[in-house]
Amino acid sequence: MRFWIIRDERQIPVELEERPEGYTAVLDGVTYEVGCARILDGLYSLLMGGESYEVAVHSHEPGSYDVHMYDGVRHVDLLSPLDLVLRSQHGGPGAHGGSVRAPMPGKVVKVLVEEGQSVLKGQGLVVVEAMKMQNELQASGDAVVQHVRVREGDSVESGAELVTFGGALEGG
Amino acid sequence: MINKVLIANRGEIAVRILRALRDMGIASVAVYSEADRAARHVRLADEAYCIGPPPSAQSYLNMDAILSTAKACGAQAIHPGYGFLSENPLFAERCEKEGVIFVGPPAGAIRAMGEKTRARQLMAAAGVPVVPGTLVPLDSPEAAEEAAKTAGYPVMLKAAAGGGGKGMRLVESRAQIASAFRDASSEALKAFGDGSVYLERAVVRPRHIEMQILADGHGNCIYLGERECSIQRRHQKVVEEAPSPLVTPVMRASMGEVAVRAARAVGYQSAGTIEFLVDQSGEFFFMEMNTRLQVEHAVTEMVTGIDLVREQIRIAEGAPLSLRQEDVTIMGWAMECRIYAEDPQRNFLPCPGTIHAVRLPEGPNVRVDSAAFTRGEISMFYDPMVAKVITWGSGRDACAATMNRALMEFQIVGTHTNRDFLLAIVNHPAFRAGALDTGFIPRHFSGASMPVSSPVAAADIAAAIYAYESSRKGTSTAPPQSAPSAWRRAMMGDR
């Protein structure tokens, strides 16, 4: 799966591929074989080319991570494909006249809202599965659902409109 | 004999006092505000009672509630810790009046040292060196020149009526004094409507060095060596050590004797600290006395092997000091770093919030005094200091190396702390060289040069792995704040 690190106004790609004992990571074009032991949720032991790192990752908000290491805390802004799509939607779901689109090709596993329903910021709308991962798409502001364009089991293309909103109430 | 003590405090110091009590086989009583129901001092104590709502004025400063709790539960003594009621002479008086032992000095000693100008006069009268100068306004450039000659250059001219740097002039030599006097005087007149100016010896690049003393009710008073506390940010101590790299055995004895004289002059009992302003040549001047246990008392304990809280309790019981001056030896070196929940990247803004996970350092020569625990709240109502990391070494270099190791292991996840800033201080070449003065932090760490860890591949990849694993669970990449994670629960047990 591909992510983007936002740093110094650059988008640095980082690609992860799962391996039996960890990941192959391609960070800004450089390949790392990463042995990864998940000690507890958010706490990892990483072995990279023999170098050992213990890291604790904490996230206060989507896309923003504090990575605690022995020599210091690093702040990492990292976007998933989903985050990237949401960002490009000028405020994302919930904004006036906004809609939620599929961040990647996949299958709709669950529809959590119906037409005419009021939703609150952060409320789950649709769950899309892609690459064996389920992503719950959430409202980024308070709004009323106007149309639900998909049903459970539908296959969707990247960028397909899933839910549209009528009168935006607030947020976005 | 005291067999039950109420601790009128919270946080790490309440925990520390409680531990001494348990070592001594004395029952401990915690008091807590409504914000502290889950706090560590409540859980570790033998008994605990709520004394009021979260604001300190209604709880930890509430004399009525604390005294009535002490009497109701049968505590013979109250240990005030530091801060809160510890230096309040009215509280010490009320304890005495109501038949509860105040673990600290007599009210009179607190009062005498509490009024800073009066304390200065008292100390000068007792032969304790104070910064030389005049406290009466000077009436002419000639009088200024005369006073400067007595005080010794460089001198500082100061407006009698005000502060904030207005009407202040640093004068390096006799050639400048007359014009500096006229400038300072006219500036003071403009700023405060009063041109009166007085003069003091200027202490250039001062160091803050303090002397720990112990005094009992039988006329015994000893000193336990100094602590250097020059690493300060806005008058708040950040890193302390004992001994001081500046102090020689001869200077220690001389400072110690002066400190004992100062304590005797006010009829002091219990543990106390005399703070000195020290110039780079080692000449020292009385600044003030802290009539309580200090935050940084642990470094003295580490190099002397003396439990200061135990001594305080024994003195409060009426026992004589358990040791004489010649029994006190300084062994090795100790340092303390204060961990604050604050963000050095945002002008040290305090960061109250929930601690997601804590990992405390372990291993040889490391002591941690802390009340932080996983899932604990850093309350907006109280001080943002969450822990003290204390290390010992056979010498200063070894001690600093161990401090570096301990800080690396120290981790609080979920809120910002000054840990990385402390690491940068402890590893700074000027710190390692012992080149300390109270201007150390502003000189070496101005806002623009706050240390930021440079990006490393492992951190970027770790963030990506975390985001990936979170998304696989079908949740958004940010875990809900309320969900306790396994690592929150399991890491370091319940600390």
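Bear in mind that the values here come from a model prediction, so they are computed numbers and not experimental data.

Definitions and cut-offs
Residues numbered from 1 in each chain as written. Chains lettered and ligands numbered in written order. Predicted model: local features only at pLDDT ≥ 70, side-chain atom pairs only at ≥ 80, totals over all residues. Buried ≥ 20, exposed ≤ 12 C-beta atoms within 10 Å, placed from the backbone. Helix = DSSP H or I, 4+ residues; strand = E, 2+ residues; numbered from the N terminus. Pairing = 2+ DSSP bridges. Axes fitted to C-alpha atoms, helices over the stretch in contact; angles between N-to-C directions. Parallel < 35°, antiparallel > 145°, perpendicular 65-115°, else oblique. Left-handed = near helix turned anticlockwise from the far one by under 90°. Contact = placed C-beta atoms within 7 Å. Nonpolar A, V, L, I, M, F, W, Y, C, P; charged D, E, K, R; others polar.

A. Fine view of the pairing of strand β8 (residues 197-201) of chain B. Residue and element names in this part refer to chain B. Of the two faces of β8, only the one carrying V197, L199 and R201 is buried; Y198 and E200 on the other face are not. Inspection of the sheet shows strand β6 (residues 155-159) paired to β8 by five bridges, in the antiparallel sense. Counted as the bridge partner of L157 is L199 from β8.

B. Fine view of the packing of helix α12 (residues 396-409) of chain B against helix α13 (residues 419-426) of chain B. All names here are of chain B. At a minimum axis separation of 10 Å, α12 and α13 run at an interaxial angle of 160°. Between α12 and α13, the interaxial angle falls into the category roughly antiparallel. Like other packed secondary-structure pairs, α12 and α13 cross with a definite hand, here left-handed. Along the contact surface, α12 presents A400, M403, N404 and L407, while α13 presents R419, L422, L423 and V426. Of the residues that constitute the contact of α12 with α13, the class distribution is six nonpolar, one polar and one charged.

C. Spotlight on the environment of N9 of chain B. Residue and element names in this part refer to chain B. Examined against the element boundaries, N9 turns out to sit in the loop between β1 (4-7) and α1 (11-24). Note: C-alpha distance between N9 and T391 (382 residues apart in sequence) is 25 Å. Residues in contact with N9, not counting those within four places in the same chain, are A14, Y60, P80, G81 and F84.

D. Structural detail: the sheet that holds strand β21 (residues 385-393) of chain B. Residues and elements named next belong to chain B. Ordered by their spatial adjacency, eight strands build an open sheet running β13-β12-β9-β10-β11-β14-β21-β19, and the pairing between neighbours is antiparallel. Among the strands making up the open sheet, the edge pair consists of β13 (284-290) and β19 (366-370). Strand-to-strand, the axes of this sheet are offset by a mean angle of 25°, without reference to chain direction. Alignment of strand β10 (residues 221-233) against strand β11 (residues 236-242), held across four bridges, turns out to be antiparallel. Looking across to β11, one finds that Q232 is bridged to K237.

E. Seen up close, the interface of chain B and chain A. Contacts between the two partners involve 35 residues from chain B, matched on the other side by 47 residues from chain A. At the level of elements, β22 (411-413), α16 (457-472) and α17 (486-490) of chain B are the ones that each hand at least two residues to the side of chain B that touches chain A. With 14 residues, the single largest contributor to the side of chain B that touches chain A is α16 of chain B. Residues of the side of chain B that touches chain A, tallied by class, amount to 22 nonpolar, 10 polar and three charged.

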